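What follows is the residue order along each chain.
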Amino acid sequence: FLTLNSEKPPFVRDVEAKIRRYLRSSYSAAWTLKITWVKAPAYGARGDSRRTNTYQAVLTTDGFRSYVLILYQDGGMQWDYTQLPATNVLIGYTSGDGYYRNDDLTQSPPAAKYRPDRYRGYNT
């Protein structure tokens, strides 16, 4: 979503409002990208189309500051973590220059970390 003019799509206005609310700072997006995974199976799960997840990553910048919002559909995380080959899930991001931030939820038991739609993250 390019936002170089004064007319911003409702989605971009919503992203700006979330950043203002969560970070308690002013923010006006110059560029925003929304990536949506719909009914994505868990890695390693073959043929189990009943337990899928729908989630989004939203990248946005004002040209100086950049943010990422990781959004999960309420009740949308359906992976059966008991059937996965590993329980070392990571939720977070990296800037590509050695900086990374993992959500604190990754330190929780599998029953919690595979259900991020039930928890509110912060500053991610």
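Residues numbered from 1 in each chain as written. Predicted model: local features only at pLDDT ≥ 70, side-chain atom pairs only at ≥ 80, totals over all residues. Heavy atoms only, no water.

- The protein chain is annotated in an unreviewed UniProt entry as NIDO domain-containing protein from Bambusicola thoracicus.

**A word on the sheet that holds strand β1 (residues 31-41)**
Piece 1. Taken together, the three strands give an open sheet; going across it, the order is β1-β2-β3, and neighbouring strands pair in antiparallel fashion. With partners counted over all chains shown, the strands left at the sheet margins are β1 and β3 (66-72), one partner each. Averaged over all neighbouring strand pairs, the angle between strand axes comes to 15 degrees, with direction disregarded.
Piece 2. Strand direction decides the pairing type here: strand β2 (residues 52-61) and β3, joined by seven bridges, are antiparallel. Following the sheet pairing, alanine 57 is matched in β3 by isoleucine 70.
Piece 3. The strands touched by helix α1 (residues 10-23) are β1, β2 and β3; relative to β3, the strand with the most contacts, the crossing angle is about 100 degrees. (Pairing = 2+ DSSP bridges. Helix = DSSP H or I, 4+ residues; strand = E, 2+ residues; numbered from the N terminus. Axes fitted to C-alpha atoms, helices over the stretch in contact; angles between N-to-C directions. Contact = heavy atoms within 4.5 Å.)

**Observations regarding the side chain of threonine 61**
Piece 1. On the secondary structure map, threonine 61 appears in strand β2.
Piece 2. When its relative accessible area of 17% is taken as the criterion, threonine 61 is described as buried.
Piece 3. A distance of 3.0 Å separates the side chain of threonine 61 from the backbone nitrogen of glycine 63, its partner in a polar contact.
Piece 4. At 3.1 Å, the side chain of threonine 61 forms a polar contact with the side chain of serine 66.
Piece 5. Contact partners of threonine 61, with chain neighbours within four places excluded, come to Tyr27, Ala29, Ala30, Trp31 and Ser66. (Buried < 20%, exposed > 50% of the residue type's maximum accessible area, 1.4 Å probe, protein only. Polar contact = N/O pair within 3.5 Å; in protein donor to acceptor, adjacent residues only side chain to side chain.)

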